Amino acid sequence: MAMGRLMDDFAGKIAFITGGGSGAGLGQAKVFAAAGCKVVIADVRQDHLDHGVAALKARGAQVHGIRLDITDRTAFARAADETERVSGPVQLLFNTAGVSIFGPLEKATYDDYDWMMGVNFGGVVNGMQTFVPRMIAHGKGGHIVNTASLGAFFAASVAGIYSASKFAVHGISMAMRDALAKYNIGVSCLCPANIKTNIAESIKTRPAKFAHSGFQVDEDEIKALHEIYSQGMEPEELAGHVLEAVKNNQFYIIPYPESRKGLEAGFKAVLDALPPADTDLEGQKKRGTAMLKYRQAREALDKRKYGK
Ligand SMILES: NC(=O)c1ccc[n+]([C@@H]2O[C@H](COP(=O)([O-])OP(=O)(O)OC[C@H]3O[C@@H](n4cnc5c(N)ncnc54)[C@H](O)[C@@H]3O)[C@@H](O)[C@H]2O)c1
């Protein structure tokens, strides 16, 4: 789904990164700062934010930190205003912050759904709702990287809500890429497998209003998860792949060769559910013509109603 090269000079560009105090987000901040960007990192954890700002400053990066809960829409708008005041208009947006909690899906509570969907999907929505109009208005083009997961393609009981939130990130990213192409704004969907980060601790950011969980997370589970993630890809290595993808305006970023087998099996199952291409020719023609007519009518209507 490459669309031609849009961006290869990062010098002086402003990058806003949610979850920028730790893990994948901090890796992105380091790599894009090294490429010449001024980075603004936003994080709900003050300790992560302090660590991230210090680590970036130690490398000579131009960095500004903002404490932000990405589920708070008013605060997100304030963070955007602050970013523009301190650094300038944002051309690179990284919706990276996310959380996970695992357990048997049938035990999940509404709080489990509301917390994880709110941060993982809602946070991405809020990031785009906040910045897309500003990016369109400044007219300089740009790029948005939304972090989903390999879990945007597969779902199993234990990571069910997490996967559902990442399927949603995948879907809205694909649609937003279509919507923003005419404004010279690219959109990528980062779908990592294991990364070496602090995500095992994400339960610590769960707000009290979502305290009623169906899952029993304890220190043993956090320790076991830490062990798995300690074997993950280094965040800066992953961010290097993100940099290349942004340069090439590539939609999917999945730099994990071990994912091939599972993805092949998954897509094969989808294709196997289709009847052969040379069947129901009359129905195919009727439906195809109707869809084409709708698209053309829709395009004309949209042009009249919304202009561009
Ligand atoms: N670690 C992995 O193996 C892995 C795999 C696939 C996808 N991901 C995704 O990568 C993204 C980054 O996670 P990570 O692995 O770097 O974890 P991490 O915990 O190291 O970093 C995530 C950061 O987001 C912050 N955060 C959490 N909730 C927030 C909120 N409401 N508002 C603002 N900031 C918030 C945390 O404080 C933390 O600093 C997530 O979207 C995660 O789902 C991670």
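What counts and what doesn't
Residues numbered from 1 in each chain as written. Predicted model: local features only at pLDDT ≥ 70, side-chain atom pairs only at ≥ 80, totals over all residues. Helix = DSSP H or I, 4+ residues; strand = E, 2+ residues; numbered from the N terminus. Rg over C-alpha atoms; globule rule 2.2 N^0.38 Å. Buried ≥ 20, exposed ≤ 12 C-beta atoms within 10 Å, placed from the backbone. Contact = placed C-beta atoms within 7 Å. Pairing = 2+ DSSP bridges. Axes fitted to C-alpha atoms, helices over the stretch in contact; angles between N-to-C directions. Expected span 1.5 Å × (residues − 1). Near = placed C-beta within 6 Å. Nonpolar A, V, L, I, M, F, W, Y, C, P; charged D, E, K, R; others polar. Core = buried A, V, L, I, M, F, W, Y, C linked by C-beta atoms within 7 Å. Right-handed = clockwise from strand over helix to strand, strands pointing away.

### Structural notes on the overall build of the protein
Looking only at helices and strands, one finds 9 helices and 7 strands in the protein. Here the C-alpha radius of gyration of the protein, 20 Å, is about what a compact globule of 308 residues would show, namely 19 Å. Structurally, the protein occupies a C-alpha span of about 65 × 45 × 35 Å along its principal axes. With 308 residues in all, the protein has 38% of them scored as buried. Sequence-distant contacts, at least 24 apart, represent 76% of the contacts inside the protein between residues at least 6 apart.

### Side note on the sheet that holds strand S6 (residues 185-190)
Here we have 7 strands laid out as an open sheet, ordered S3-S2-S1-S4-S5-S6-S7, and parallel in their pairing. Of all the strands in the sheet, the pair left with one neighbour each is strand S3 (63-67) and strand S7 (252-253). Both strand S5 (residues 142-147) and S6 contribute to a ladder of 6 bridges, which runs parallel. Bridge pairing links Thr147 to Leu190 in S6. Along the sheet face, helix H2 (residues 46-58) touches strand S2 (38-43) and S3 and points at about 180° away from the line of S3.

### Notes on unusual backbone geometry
The residue Asn184 is not glycine, and still its phi comes out positive at about 65°. Note on placement: Asn184 falls in the loop between helix H5 (160-180) and S6. A tally of 16 C-beta atoms within 10 Å means that Asn184 is categorised as partly exposed.

### Comments concerning helix H8 (residues 260-272)
One full turn of an α-helix is made of 3.6 residues, so residues set three or four places apart face in the same direction. A rise of 1.5 Å per residue sets the reference length of H8, with its 13 residues, at 18 Å; its end C-alpha atoms lie 18 Å apart and thus fit the reference within 8%. Little of H8 is tucked away: 0 of the 13 residues are buried.

### What to know about the site of the ligand
The immediate surroundings of the ligand are formed by 34 residues, with Gly19, Ser22, Gly23, Gly98 and Thr197 found nearest. Every element with two or more residues in the shell around the ligand is listed here: helix H1 (23-34) and helix H4 (110-138). If you tally residues by element for the shell around the ligand, the top one is H1, at 3 residues. Partitioning the shell around the ligand into residue classes produces 11 nonpolar, 20 polar and 3 charged.

### Quick word on the nonpolar core
Counting 65 residues, the largest nonpolar core has Ala15, Phe16 and Val39 as its most contacted members. Residue contributions to this core peak at 8 residues, all from H4. Contacts of Ala15, omitting those with residues within four sequence positions, involve Phe32, Cys37, Val39, Val40, Leu92 and Phe94.

### Structural notes on the pairing of S6
Most of S6 sits out of view: 6 of its 6 residues are buried. By the alternation rule, side chains of S6 split into Ile185, Val187 and Cys189 and Gly186, Ser188 and Leu190, which are all buried. For the segment spanning S5, H5 and S6, crossover handedness is right-handed. Of the pairings in the sheet, the one linking S6 to S7 comprises 2 bridges and is parallel in character. Its bridge partner being in S7, Leu190 is matched across the sheet by Ile253.

### Description of the pairing of S5
Counting buried positions along S5 gives 6 out of 6 residues, so the element sits mostly inside the fold. Taken together, strand S4 (residues 90-95), H4 and S5 form a β-α-β motif whose crossover is right-handed.

### Observations regarding the environment of Asp47
Tracing the sequence through the fold places Asp47 in helix H2. Each C-alpha atom of the pair Asp47 and Ala181 lies 37 Å from the other, and the pair is 134 residues apart in sequence.

### Remarks on the environment of Tyr110
With respect to the element layout, Tyr110 can be found in helix H4. Distance in space between the C-alpha atoms of Tyr110 and Glu264 is 33 Å, their sequence separation being 154 residues.

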